[in-house]
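# Residue-level structural notes
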Amino acid sequence: MTTIPEKNGESSPRPPHTLEPLLYKPLADQDIERIRDIEQRLEEVTRTIQQFAMLDFSARAFISDLGDVVDAVAAGVNFLGEELEASYSEVERKVADRTAELGVITHELTRRALHDELTGLANRTLFWDRLAHRMSLSDRRRSGFAVIFVDLDKFKVVNDTLGHAVGDQLLVDVATRIRSVLRVGDSAARMGGDEFLVLLDEVATRDAAIAVANRLSEVLGEPYEIGSAWRAVTSSLGRAMGPGTFMNADAVVAAADAAMYESKQREPGRFMIYGEF
């Protein structure tokens, strides 16, 4: 303990330092308001940061006119928010672009998986699905449906004498002509090679199906531009009408195929009806 010299030469103990007067000194009203203001501004900065955590990067902390340390912190938080918002917007844009690209690719892959690449017509898988779906609706529809099997006569001769490129163009032209006679709801497919299928979705009567088949036979019988000349290429057609007693899509197509084969055997270029050979 330090001592304080006295006048007569003797020393006396120095009183200890104490913070008690400072601790219990009451704060002025303006100091209290100042502390509350700082607390509120700090709470708002905290809330802004919490909003960033919830991916709300548009939030901004309040900056007062005081220019103190709290304002500096709020300004830094706001700058961070601007950076995060810009970065997140760029990420969202890239994600949207990639999603759109993926949608286009998926659509194209689906199209290729269900359509013939050369003619653009439905392929076997899609046609079978459509025919099976139409057969499932037979109990709810009064009208029937029909399947027409189309086979080009002597297509192999075209391929062998004029080349595959000319043969491919002939198949494309045939597909175009088939499309030209389809009605709303009808569909066509390429089975492969020179064989095509047509589904007439709504057929009120047998004569109505025959009328469409005759129109198809006529348009396919017109001359084609093959190589450097116009040449006639006949097609043999067979038709099967449903629902009848067919158990599934395979049975309907097989019946139409049988009618087409009978047509080709008797006289190429003719149209035959299943069950009426």
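Residues numbered from 1 in each chain as written. Predicted model: local features only at pLDDT ≥ 70, side-chain atom pairs only at ≥ 80, totals over all residues. Heavy atoms only, no water.

### Some thoughts on the nonpolar core
In terms of nonpolar packing, the biggest core is built from 31 residues, with Ile-148, Leu-170, Val-174, Ile-178, Phe-196, Leu-216 and Leu-220 touching the most fellow members. If near-sequence neighbours (up to four positions away) are discounted, Leu-220 is found in contact with Val-150, Val-174, Arg-177, Ile-178, Val-233 and Ser-235. With 20 residues, the next largest nonpolar core counts Ala-122, Trp-128, Phe-145 and Leu-197 among its residues. (Core = buried A, V, L, I, M, F, W, Y, C linked by side-chain atoms within 4.5 Å. Buried < 20%, exposed > 50% of the residue type's maximum accessible area, 1.4 Å probe, protein only. Contact = heavy atoms within 4.5 Å.)

### Examining the packing of aromatic side chains
What describes a pair of aromatic rings is the distance from one ring centre to the other and the angle between the planes of the rings. Under the counting rule described, the total for this entry stands at three aromatic pairs. Here the aromatic rings of Phe-52 and Phe-57 are separated by 6.3 Å at their centres, their planes lie at 45 degrees, and the arrangement is tilted. A residue is classified by how much of its surface remains accessible, and Phe-57, at 10% relative accessible area, is buried. Ring plane angle 65 degrees and centroid distance 6.2 Å describe the contact between Phe-127 and Trp-128, whose orientation is recorded as edge-to-face. Neither residue differs from the other here; Phe-127 and Trp-128 are each classed as buried. One aromatic cluster in this structure is built from Phe-52, Phe-57 and Tyr-88. When the ring centre of Trp-128 is taken as origin, the NZ or CZ atom of Arg-124, which lies over that ring, is 4.1 Å away. Seen from the ring of Tyr-224, Arg-177 lies directly overhead, with NZ or CZ sitting 3.6 Å from the centre. (Phe/Tyr/Trp six-rings, centres within 6.5 Å; stacked < 30°, edge-to-face > 60°. Lys NZ or Arg CZ within 6 Å of the ring centre and 35° of its normal.)

### Here's the deal with the environment of Leu-182
Looking at where Leu-182 falls in the secondary structure, it is placed in the loop between helix 6 (164–181) and strand 4 (187–192). A C-alpha to C-alpha distance of 7.9 Å links Leu-182 and Leu-200, two positions 18 residues apart in sequence. Not counting residues up to four positions away in its chain, the partners in contact with Leu-182 are Ser-187, Ala-188 and Val-198. (Helix = DSSP H or I, 4+ residues; strand = E, 2+ residues; numbered from the N terminus.)

### Some details on the pairing of strand 5 (residues 195–203)
Consecutive side chains of a regular strand alternate in pointing toward one face of the sheet and then the other. Judged by how many residues are buried, strand 5 sits mostly within the fold: seven of nine residues are covered. Relative to strand 5, strand 3 (residues 144–152) is paired through seven bridges, and the arrangement is antiparallel. Along strand 5, the bridge assignment pairs Ala-146 with Leu-200. Pairing of strand 4 with strand 5, which is carried by five bridges, proceeds in the antiparallel orientation. (Pairing = 2+ DSSP bridges.)

### Brief notes about the packing of helix 2 (residues 29–53) against helix 3 (residues 69–114)
The description of two helices packed together rests on the angle between their axes and the distance between the axes. Where helix 2 meets helix 3, the axes come as close as 10 Å, and the angle between the chain directions of the two elements is 15 degrees. One element, helix 2, and the other, helix 3, form an angle in the roughly parallel class. With respect to the hand of their crossing, helix 2 and helix 3 are arranged in left-handed fashion. Across the interface between the two elements, Ile-38, Arg-41, Leu-42, Val-45, Thr-48, Ile-49 and Phe-52 from helix 2 touch Val-70, Asp-71, Val-73, Ala-74, Val-77, Gly-81 and Leu-84 from helix 3. Residues belonging to the contact of helix 2 with helix 3 are distributed by class as follows: ten nonpolar, two polar and two charged. (Axes fitted to C-alpha atoms, helices over the stretch in contact; angles between N-to-C directions. Parallel < 35°, antiparallel > 145°, perpendicular 65-115°, else oblique. Left-handed = near helix turned anticlockwise from the far one by under 90°. Nonpolar A, V, L, I, M, F, W, Y, C, P; charged D, E, K, R; others polar.)

### A closer look at the pattern of salt bridges
In this structure the tally under the stated criterion is 21 salt bridges. Arg-41 is the salt-bridge partner of Asp-68, the closest N and O atoms lying 2.6 Å from each other. Separated by 27 residues along the polypeptide, Asp-68 in the loop between helix 2 and helix 3 and Arg-41 in helix 2 bring together distant segments of the chain. Summarising the burial analysis for this pair, Asp-68 and Arg-41 share the class buried. Among the salt bridges present, the one from Asp-151 reaches Lys-264, with a minimum N-O distance of 2.6 Å. Placement of Asp-151 in strand 3 and of Lys-264 in helix 8 (residues 249–266) is noted, with a sequence separation of 113 residues between them. Relative accessible area serves as the criterion here: at 24%, Lys-264 is assigned to the partly exposed category. In this structure, a network of salt bridges that share partners links the residues Arg-34, Asp-37, Arg-41, Asp-68 and Asp-71. (Salt bridge = Lys/Arg side-chain N within 4 Å of Asp/Glu carboxyl O.)

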